[in-house]
Amino acid sequence: MESTTAILSAQALSIGYRTGHHGVKQIHHNLSFALHRGELTCLLGANGSGKSTLLRTLAAAQPPLAGTITLEGRDLSTLSERELSRLIGVVLTDKTQTGGLTVYEMVSLGRQPHTGFFGRLDRHDRQVVDEAIEAAGIAHKADTYMAQLSDGEKQKAMIAKVLAQECPLVILDEPTAFLDAVSRIETMTLLHRIATTQHKAILLSTHDIEQALVLADRLWLLRKGQGLCSGVTEDLILNGDLDTLFDRRDICFDRAHGSYYPSVQWEKEIVVEASDETLLHWTVNALNRNSYGCRIAPDEDTSSLPRLTVSDAHTLTLRTAAGVQPFTTFDALIEGLKKQD
Amino acid sequence: MNKPRHSSRAKRLIGLLIVLLVALCAANLWFGSVQIPASAVWDILCGRESEKEVWRFIVLESRLPQMVAALLSGAALAVAGLLLQTAFNNPLAGPSILGIDTGASLGVALVMLLFGGSLGLTQSTTLTGFTAIIAGAFVGSIIVLGTILFFSTLVKNNIMLLIVGIMVGYVTSSVISLLNYFSTAEGVHSYTIWGMGNFSGVTGEQLPYFALSVGVGLAIAILLIKPLNALLLGDRYAANLGVNIKLTRNLLLIVTGLLTASTTAFCGPISFIGLAVPHIARLLLGTSNHNTLLPVTLLCGAVTTLLCNLICILPGESGILPINAITPVLGAPVIIYVIINQRKIQYFN
């Protein structure tokens with residue numbers, strides 16, 4: 001990766017909390033990683049894996065227990081509040097009291113690290129605010145009160161605020177939580193576009209694995225007790241790193257589709273034949289949900305098992321010892337399977 | 001898009017408020033228990049001879065200090081209320097709700113009742129006694145504010161914090177009751193009169209001290225406009241914007257304490273101004289941006305107390321009404337309106 005320069009790097013980092021005088025609650029130790037300009041990095045991990053602690057430590061909101069973080073070639077702990085506010089911008093999940101401000105005014109707050117004592121905006125500041133609002137795609141709402149925005153629009157306004165701050169590193173804590181599917185996709189696409197076009201390093205934590213796998217330039221997998229695993233999405237998936245992200249036997253990762261699903265506990269088996277991949281996927285999905293284990297193109301003799309043939313979505317044929325039953329919908333098929341039991 | 005849409009609205013509103021302020025100042029000088037013609041009042045103010053020497057005395061030694069005291073108290077309490085509402089992220093915070101003026105009262109009660117009424121503000125007071133009363137009020141209000149700030153680190157829920165504030169206020173009141181019980185009749189009397197709230201208690205000699213402490217408080221408040229706006233985003237966002245949260249909070253605490261304490265010491269605990277006026281200002285202005293909200297709140301506070309004072313002196317010959325009989329009548333409907341309409345009011349969300 002010669003084209004991208006590391007903006008932030010950490011060596012032998014330990015994160016956690018100091019409790020009382022000498023007590024230390026260490027969550028991770030010996031973490032080493034780097035963040036690059038122009039890349040969208042998604043931090044994935046189960047609840048309690050230390051995602052928020054890691055983000056807070058990187059944003060200098062809490063000190064590391066050991067190790068060093070280097071930001072633009074300087075030790076993070078030596079930077080002043082003002083310097084930090086120009087280098088790292090954050091978007092949090094905190095509730096704000098900005099309902100009585102217009103989007104323009106709220107985004108203008110992002111200029112505070114650059115403005116003087118009374119926070120007056122000069123011509124350049126106003127231009128930066130306008131561009132930030134434009135880039136976040138909420139220019140049509142610039143004069144609307146924050147209180148009148150939808151959750152997705154509010155998140156875009158917060159992203160505009162962080163753009164107005166003009167920081168090379170942007171850290172977002174679960175920016176897509178509480179958003180509907182459309183806003184989730186829009187927000188993630190927006191962040192990816194900003195990372196590329198504005199050459200920023202963007203780090204976000206998310207539970208939205210589907211979007212992360214599609215849009216992240218790099219993934220950080222955080223597992224309790226195992227530290228951080230970093231790499232390009234495809235390398236991690238094909239190396240099997242995502243299979244063990246959640247340390248649970250009953251959760252499996254589907255490498256072909258890039259999603260997690262509950263592992264199937266089947267009582268009965270059935271042989272499935274389908275004319276294409278999509279039909280096969282959804283047929284297996286329906287059967288798994290109804291406690292059938294599926295055998296697809298088995299080698300051994302399966303003449304004793306029932307056999308389902310799906311030629312298209314309305315032509316389903318079930319062959320059992322009792323005879324041949326045709327179905328035209330999955331609804332009818334599931335009814336038929338239930339009757340057999 | 002470059003200019004927020006309410007900036008012209010703010011200019012018009014500030015102009016209107018200044019006109020109202022001047023009109024109310026004039027009315028406060030004109031009306032009173034003794035009828036003095038407006039032309040005579042004007043002559044006296046311009047330093048010319050008036051028909052009766054006693055009119056001169058009434059206007060310059062009674063009405064003028066009372067008017068200035070009302071103006072300063074209103075501005076101080078309203079701004080203190082606004083700072084508290086932003087600092088606590090709670091639109092229902094205010095000096096009287098959180099028991100800060102009760103704290104100031106306790107300080108005053110300690111000083112007054114311990115000295116057995118000889119320091120009553122209604123009589124002419126020596127400078128030391130007077131400083132003691134202000135110091136008492138300041139220490140009392142800061143102690144209550146500090147207590148509430150301490151609880152705010154334990155209790156994250158703002159409604160719970162308000163309830164803590166109210167409880168602290170009750171405890172402080174009960175200490176005042178105990179002090180009253182053990183005090184002399186004279187002390188209790190002067191404390192009770194003071195406790196009803198009264199702008200006429202401030203004499204011409206005391207006025208510069210009052211003006212100075214309120215002036216300092218308001219000046220620091222104006223210097224805090226930028227971090228106040230950042231605090232609308234919450235502590236963590238504000239810290240990310242380079243705001244020193246600890247310093248800002250401490251300054252807010254000191255300013256609120258100073259403004260509330262000086263007003264309470266000179267004029268008694270005045271309810272509802274600090275709570276209601278910031279809401280009136282926000283509703284009129286249509287923004288929570290402190291760049292315009294703070295000056296408008298300041299002016300609205302002054303206008304409101306001048307209006308209240310005018311209502312108090314209107315009965316004329318039958319005497320002056322206590323100010324705390326008027327402020328809730330004006331303030332409570334505003335708060336009820338705001339609570340009922342909170343879904344429709346932007347700054348609540």
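The numbers attached to residues start from 1 for each chain and follow its sequence in the written order. To label them, take the chains in the order written and letter them from A, then take the ligands in the order written and number them from 1. Since the coordinates come from a predicted model, pLDDT governs what is reported: local features require at least 70, and pairs of side-chain atoms require 80 or more to be given and counted, while whole-chain, interface and lining totals use all residues. By convention in this description, side-chain values take in all heavy atoms of the structure and omit both hydrogens and water.

## Things to note about the overall build of chain A
Okay, step 1: A run of DSSP states H or I qualifies as a helix once it reaches four residues; a run of E qualifies as a strand once it reaches two. Both are numbered from the N-terminal end. A tally of helices and strands in chain A yields ten helices and 17 strands.
Okay, step 2: For 341 residues, the compact-globule estimate of 2.2 N^0.38 gives 20 Å, and chain A exceeds it by more than 25% at 26 Å.
Okay, step 3: The dimensions of chain A, computed from C-alpha atoms along their principal axes, are 85 × 50 × 40 Å.
Okay, step 4: Summary of the burial criterion: residues with accessible area below 20% of their type's maximum are buried, those above 50% are exposed, and those between are partly exposed, where the area comes from a 1.4 Å probe applied to protein chains only. Within chain A, buried positions represent 49% of all 341 residues.
Okay, step 5: Surface accessibility in these figures is a Shrake-Rupley result with a 1.4 Å probe; residues are shielded only by whichever protein chains are displayed. Carbon and sulfur atoms make up 50% of the accessible area of chain A, which totals about 16,600 Å².
Okay, step 6: In this tally Asp and Glu are treated as negative and Lys and Arg as positive; neither His nor the chain ends contributes. A charged residue contributes its charge at one atom only: NZ of Lys, CZ of Arg, CG of Asp or CD of Glu. If the 33 positive side-chain charges of chain A are averaged to one point and the 43 negative ones to another, these points end up 6 Å apart. Just to be clear, the radius of gyration here is over C-alpha atoms, and the globule rule we use is 2.2 Å times residues to the power 0.38.

## Thoughts on the sheet that holds strand S3 (residues 40–44) of chain A
Across a sheet, strands are paired by hydrogen bonds formed along the backbone, either parallel or antiparallel in direction.
All names here are of chain A.
Okay, step 1: In this description, strands pair whenever DSSP reports at least two bridges between them. Sheet architecture is open: six strands sit in the order S6-S7-S8-S3-S9-S10, paired in mixed fashion. The sheet terminates laterally at strand S6 (88–91) and strand S10 (227–231), the two strands that pair on one side only. Here the strands of the sheet are splayed against their neighbours by 15° on average, with no regard to which way each runs.
Okay, step 2: As defined by bridge partners, S3 adjoins strand S9 (residues 218–223) across four bridges and the pair is classed as parallel. The residue bridging Leu44 from the neighbouring strand is Leu221, located in S9. Note on method: axes are straight lines fitted to C-alpha atoms, helices fitted across the in-contact stretch only, with angles between N-to-C directions ranging 0 to 180 degrees.

## Details of the interface of chain A and chain B
Okay, step 1: Contacts between chain A and chain B engage 40 residues on the former and 28 residues on the latter.
Okay, step 2: Summed over both partners, the accessible area (1.4 Å probe) lost when two parts come together is defined as the buried area. The largest share of the area that chain A buries against chain B comes from A:Gln97, A:Gln112 and A:Tyr145, three residues that together contribute 20% of it.
Okay, step 3: We count a salt bridge whenever a side-chain nitrogen from Lys or Arg sits within 4 Å of a carboxyl oxygen from Asp or Glu. Summed over the shared surface of chain A and chain B, the result is one salt bridge.
Okay, step 4: Of the charged contacts, one joins B:Arg236 and A:Asp94 as a salt bridge, the two residues approaching to 2.7 Å between their closest N and O atoms.
Okay, step 5: Here a polar contact means two N or O atoms within 3.5 Å. Within protein one must be a hydrogen donor candidate and the other an acceptor candidate, and residues neighboring in sequence count only if both atoms are side-chain atoms. Put simply, chain A and chain B have 14 residue pairs in polar contact (both at pLDDT 80 or more) between them.
Okay, step 6: For the side of chain A that touches chain B, the elements supplying multiple residues, two or more each, are helix H2 (81–87), S6, helix H3 (103–108), helix H4 (123–135) and helix H5 (151–164) of chain A.
Okay, step 7: Per element, the largest residue contribution to the side of chain A that touches chain B is four residues, and it comes from S6(A).
Okay, step 8: The residue makeup of the side of chain A that touches chain B, split by class, is 16 nonpolar, 14 polar and ten charged. By the convention used here, residues are in contact when the closest approach between their heavy atoms is within 4.5 Å. When residue character is reported, Ala, Val, Leu, Ile, Met, Phe, Trp, Tyr, Cys and Pro are called nonpolar, Asp, Glu, Lys and Arg charged, and the others, Gly included, polar.

## Some words on empty space enclosed by the protein
Residues and elements named next belong to chain B.
Okay, step 1: Note on definitions: the grid is 1 Å and covers protein atoms alone; a cavity is a set of points where a 1.4 Å probe fits but cannot get out; a pocket is an open set with protein on both sides within 12 Å along at least five of seven lines; lining residues have an atom within 4 Å of a point. Grid points are joined across faces, edges and corners, and a volume is the space filled by probe spheres set on the points. Considering all chains together, one arrives at four cavities of 30 Å³ or more under this definition.
Okay, step 2: Its volume calculated, the largest cavity comes out at about 130 Å³.
Okay, step 3: Those elements that provide at least two residues to the lining of the largest cavity are helix H3 (53–87) and helix H13 (290–313).
Okay, step 4: Looking at the lining of the largest cavity element by element, the count peaks at three residues for H3.
Okay, step 5: Of the residues contributing to the lining of the largest cavity, the split by class is five nonpolar, seven polar and one charged.

## Digging into the packing of H3(B) against H13(B)
Residue and element names in this part refer to chain B.
Okay, step 1: H13 packs onto H3 with a crossing angle of 135° between their chain directions and a minimal axis gap of 7 Å. With respect to H13, the element H3 is oriented oblique. By crossing handedness, the relation of H3 to H13 is classed as right-handed. For the pair formed by H3 and H13, the contact residues are Gln66, Met67, Ala70, Leu71, Gly74, Ala75, Ala78, Val79, Leu82, Leu83 and Thr86 on the first element and His290, Leu293, Leu294, Thr297, Leu298, Gly301, Ala302, Thr305, Leu306, Asn309 and Ile313 on the second.
Okay, step 2: Here the contact of H3 with H13 is built from residues that sort into 14 nonpolar, eight polar and no charged. Angles below 35 degrees are treated as roughly parallel, those above 145 as roughly antiparallel, those between 65 and 115 as roughly perpendicular, and all remaining angles as oblique. By the definition used in this description, the sense in which the near helix is turned from the far one sets the handedness, with an anticlockwise turn below a right angle giving left-handed and a clockwise turn giving right-handed.

## Some points on the environment of B:Asn180
All names here are of chain B.
Okay, step 1: With respect to the helices, strands and loops of the structure, Asn180 is situated in helix H6 (residues 158–181).
Okay, step 2: Sequence separation of Asn180 and Gly169 is eleven residues, and the distance between their C-alpha atoms is 16 Å.
Okay, step 3: Not counting residues up to four positions away in its chain, the partners in contact with Asn180 are Leu113, Val188 and Tyr191.

## A word on the sheet that holds strand S5 (residues 74–75) of chain A
Residues and elements named next belong to chain A.
Okay, step 1: Read from one edge to the other, the open sheet built from four strands follows the order S2-S1-S4-S5, with strand pairing classed as antiparallel. Edge positions in the sheet fall to strand S2 (23–36) and S5, since each has one partner strand and no second.
Okay, step 2: Looking at chain direction, strand S4 (residues 66–71) and S5 are connected through two bridges and run antiparallel. Each residue of the ladder has a partner; that of Thr70, found in S5, is Asp75.
Okay, step 3: Together, strand S1 (6–19), S2 and S4 form the strand contacts of helix H1 (residues 51–58), whose direction differs from that of S1 by roughly 120°.

## Focus on the confidence of the model for chain B
Low-pLDDT portions of the prediction should not be read for the details of their coordinates.
Okay, step 1: Confidence of the predictor at the level of single residues is given by pLDDT, which spans 0 to 100. With 91% of its residues at a pLDDT of at least 70, chain B reaches an overall mean of 84.
Okay, step 2: In the model of chain B, helix H7 (residues 185–195) of chain B stands out as the element of lowest mean pLDDT, 77, in contrast to helix H9 (residues 225–231) of chain B, which has the highest, 95.

## Quick word on the pattern of salt bridges
Here the idea is simple: oppositely charged side chains can pair when their charged atoms come close.
Okay, step 1: Taken as a whole and judged by the stated rule, the model has 14 salt bridges over all chains.
Okay, step 2: For A:Glu153, the salt bridge is made with A:Lys141, and the minimal N-O distance between the two is 3.7 Å. Here A:Glu153 is found in helix H5, whereas its partner A:Lys141 is found in the loop between H4 and H5, with twelve residues between them in sequence.
Okay, step 3: A:Glu153 sits in the buried class, given a relative accessible area of 18%.
Okay, step 4: Close ionic contact of B:Asp235 with B:Arg249 constitutes a salt bridge, the shortest N to O distance being 2.9 Å. Pair noted here: B:Asp235 is in helix H10 (residues 235–240) and B:Arg249 is in helix H11 (residues 245–267), with a separation of 14 residues, a long-range link.
Okay, step 5: Residue class for B:Asp235 comes out partly exposed when judged on its relative accessible area of 31%.
Okay, step 6: The exposure class of B:Arg249 is partly exposed, given its relative accessible area of 21%.
Okay, step 7: Several salt bridges converge on common partners, so that one network encompasses A:Arg111, A:Asp125 and A:Glu166.

## Focus: the domain arrangement of chain A
Okay, step 1: An automatic or database domain assignment is the source of the domain bounds shown. The domains assigned to chain A are domain 1 (6–254) and domain 2 (268–340).
Okay, step 2: Using only C-alpha atoms to locate each centre, domain 1 of chain A and domain 2 of chain A end up separated by 46 Å.

## Some details on the environment of A:Ile251
All names here are of chain A.
Okay, step 1: With respect to the element layout, Ile251 can be found in strand S11 (residues 251–254).
Okay, step 2: Through-space distance from the C-alpha of Ile251 to that of Met188 is 25 Å; in sequence the pair is 63 residues apart.
Okay, step 3: Among all residues touching Ile251, those that are not within four sequence positions of it are Tyr260, Tyr261 and Ser263.

## What to know about the packing of aromatic side chains
Residue and element names in this part refer to chain A.
Okay, step 1: Pairing of aromatic rings covers Phe, Tyr and the six-membered ring of Trp, with a centre-to-centre limit of 6.5 Å; geometry is then stacked below 30 degrees between planes, edge-to-face above 60, and tilted otherwise. Within this structure, the stated rule accounts for eight aromatic pairs over all chains.
Okay, step 2: Each member of the aromatic cluster is reached from another via a ring pair, and the members are Phe246, Phe253 and Tyr260.
Okay, step 3: Over the ring of Tyr292 we find Lys268, and its NZ or CZ is 4.6 Å from the ring centre. Geometrically, a charge over a ring is one whose NZ (Lys) or CZ (Arg) sits within 6 Å of the ring centre while staying within 35 degrees of the ring normal.

## Focus: the state of the cysteines
Okay, step 1: Any pair of cysteine sulfurs within 2.5 Å is marked as a disulfide. Inspection of every chain in the model, using the stated rule, returns zero disulfides over all chains.
Okay, step 2: Unpaired in terms of disulfides, A:Cys294 finds its nearest cysteine sulfur in A:Cys252, a separation of 14 Å.
Okay, step 3: Summary of cysteine pairing: B:Cys300 is not part of a disulfide, and the nearest cysteine sulfur, belonging to B:Cys308, is at 12 Å.

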